[in-house]
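An overview of the molecular structure
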Amino acid sequence: MSRFLSKRFSSLEPYVPGEQPRERKFIKLNTNESPFPPSAAVVRAAALAAESLQLYSDPSCLALHKALANAYGVKPSQVLAGNGSDELLYFAFTAFCDADTPAVFPDITYGFYPVFAQLCNVEARIIPLSDGFFIRADNYYGAKGTIFIANPNAPTGIMMPLSDVLCIARRNPDNVVVIDEAYVDFGGKSAVSLLKDCPNLLIIQTFSKSRSLAGGRLGFALGSEELIADLAAVKYSFNPYSVNSMTMAAGLASLAEPEVTRANCACIIANREFTVDGLTRLGFSCLPSCANFVFARHASIPGETVFRALRQRGILVRHFNKERLEDYNRITIGSRAQMEALLSAMGAIVGSQEGANA
Ligand SMILES: *Cc1c(COP(=O)(O)O)cnc(C)c1O
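Residues numbered from 1 in each chain as written. Predicted model: local features only at pLDDT ≥ 70, side-chain atom pairs only at ≥ 80, totals over all residues. Heavy atoms only, no water.

Considerations on the nonpolar core
Inclusion rule: Nine residue types can take part in a nonpolar core, namely buried Ala, Val, Leu, Ile, Met, Phe, Trp, Tyr and Cys, and a core is a set of them joined through side-chain atoms within 4.5 Å. Buried residues are those whose accessible area, probed at 1.4 Å on protein chains only, stays under 20% of the maximum for their type, while exposed residues exceed 50% and partly exposed ones sit between those limits. Contacts were defined at the residue level, with two residues in contact if any of their heavy atoms lie within 4.5 Å.
Of all hydrophobic cores here, the largest spans 50 residues; its most connected members are Leu201 and Leu222. Once residues lying within four places of it in the same chain are set aside, the contact partners of Leu201 are Val165, Ala169, Val177, Ile179, Ala191, Leu194, Leu195, Leu222, Gly223, Ser224 and Leu227.

Shown next, in the form of structure tokens:
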């Protein structure tokens, strides 16, 4: 830290992204990326857009907003695209939290929320999950702050029913309720259908997970025209061109072939069932996941031991060194071949540990 850094950042703890190893070939099951590359049409669209990179990208993202509006049954003025959903989440913290309006979110959730609260210098009111890692909706009634809920939640994968989302939105009419639906395409239910009844609801989704575009950086927010206008004001005060033209073209091309996304998600869901089944046979228990990952703990082997042993065998998963989470590993669901490799490595690890304990 230099002596020039503003004092308000002296205790800032940045988000720690999952490893992106470049030197060694790992089976990468640690950052919830898609195992499928983008389709040929998406790659072509991005390459074509690259031919006009001398020009700024369209700051209004008009074509993309129209396509998203069409896909989700809202007006284009109810959509805002951003440089990944992380950027839109940051805009939401900036626009809707302040000294009188803390950010309210669960103790176990997406690691960026506490970081954004620090960065925006707003209080974080943290509400513990239940013993089974569920979000209890009634804990959020009358919360007197801007609520951030990942649904399905991370790293648990657990989905909160839409009826609970509706109750939370209704019981906080004077606050914004942000639902982060990064994983909703893997068997969850989107709160988009609640938008017409809930002017305080803001939904944030991403092309990173279900649409194979994590490296493209594309997310979008859906909400009332007024909420979207507020977010756009922050965007235009920061970087009007935050979505670059290649990514915009890739996103449009992806929206033009919903059947590809549907098929990829169906495959991930099938591989998830296969993985949960295999892990269960090996003595793991998995939280009920609606996402492209499972959160799994072994009955007798510590989470960190599993993490290290997998790494030694060339498989990366995510381990969180945090109370309540340390027994678990978050395992991204990849291709069938990757999951077979995972289960075979887990079999060997469980076998050798149980041998050592015998
Ligand atoms: C991955 C993830 C995001 C971020 O996605 P980007 O669009 O890549 O920025 C947001 N929220 C949650 C809960 C995530 O897991």
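Regarding the sheet that holds strand β5 (residues 146-150)
Heads up, the condition is: A pair of strands is treated as paired once DSSP finds two or more bridges between them. A run of H or I in DSSP counts as a helix once it spans at least four residues, and a run of E counts as a strand once it spans at least two, with each numbered from the N terminus. Simply put, an axis is a line fit to the C-alpha atoms, just over the touching stretch for a helix, and the angle between two N-to-C directions goes from 0 to 180 degrees.
Pairing within the open sheet is mixed, and its seven strands lie in the order β2-β8-β7-β6-β5-β3-β4. Every interior strand has two partners, whereas the edge strands, β2 (79-82) and β4 (124-127), have only one. Along the sheet, successive strands turn relative to each other by an average axial angle of 20°, direction set aside. As defined by bridge partners, strand β7 (residues 201-206) adjoins strand β8 (residues 219-223) across five bridges and the pair is classed as antiparallel. Bridge pairing in β8 places Thr206 opposite Gly219.

Some points on the pattern of salt bridges
Stated formally: Put simply, a salt bridge is a Lys or Arg side-chain nitrogen that is within 4 Å of an Asp or Glu carboxyl oxygen.
Going through the model one piece at a time under the given rule, you end up with 10 salt bridges. Note that Arg272 is salt-bridged to Glu273, the shortest N-O span being 3.5 Å. What makes Glu273 partly exposed here is its relative accessible area of 46%.

Considering helix α6 (residues 225-236)
Note the threshold: Each helix should span, by expectation, one fewer than its residue count multiplied by 1.5 Å. As used here, the arc is the angular range of directions from the helix axis to the C-beta atoms.
Over its 12 residues, α6 extends 16 Å from the first C-alpha to the last, a length consistent with the 16 Å expected when each residue adds 1.5 Å. Regarding α6, the residues found buried are Leu227, Ile228, Leu231, Ala232, Val234 and Lys235. The arc enclosing the buried residues of α6, seen along the axis, measures out at 155°, which places them on a common side. Where α6 is buried, its residues meet β2, α3 (84-96), β7 and β8.

So, the side chain of Asn32
Note that Asn32 resides in the loop between β1 (27-28) and α1 (40-50). The residues touching Asn32, leaving out its near neighbours within four places in the chain, are Tyr183, Lys209, Asn292, Phe293, Arg330 and Thr332.

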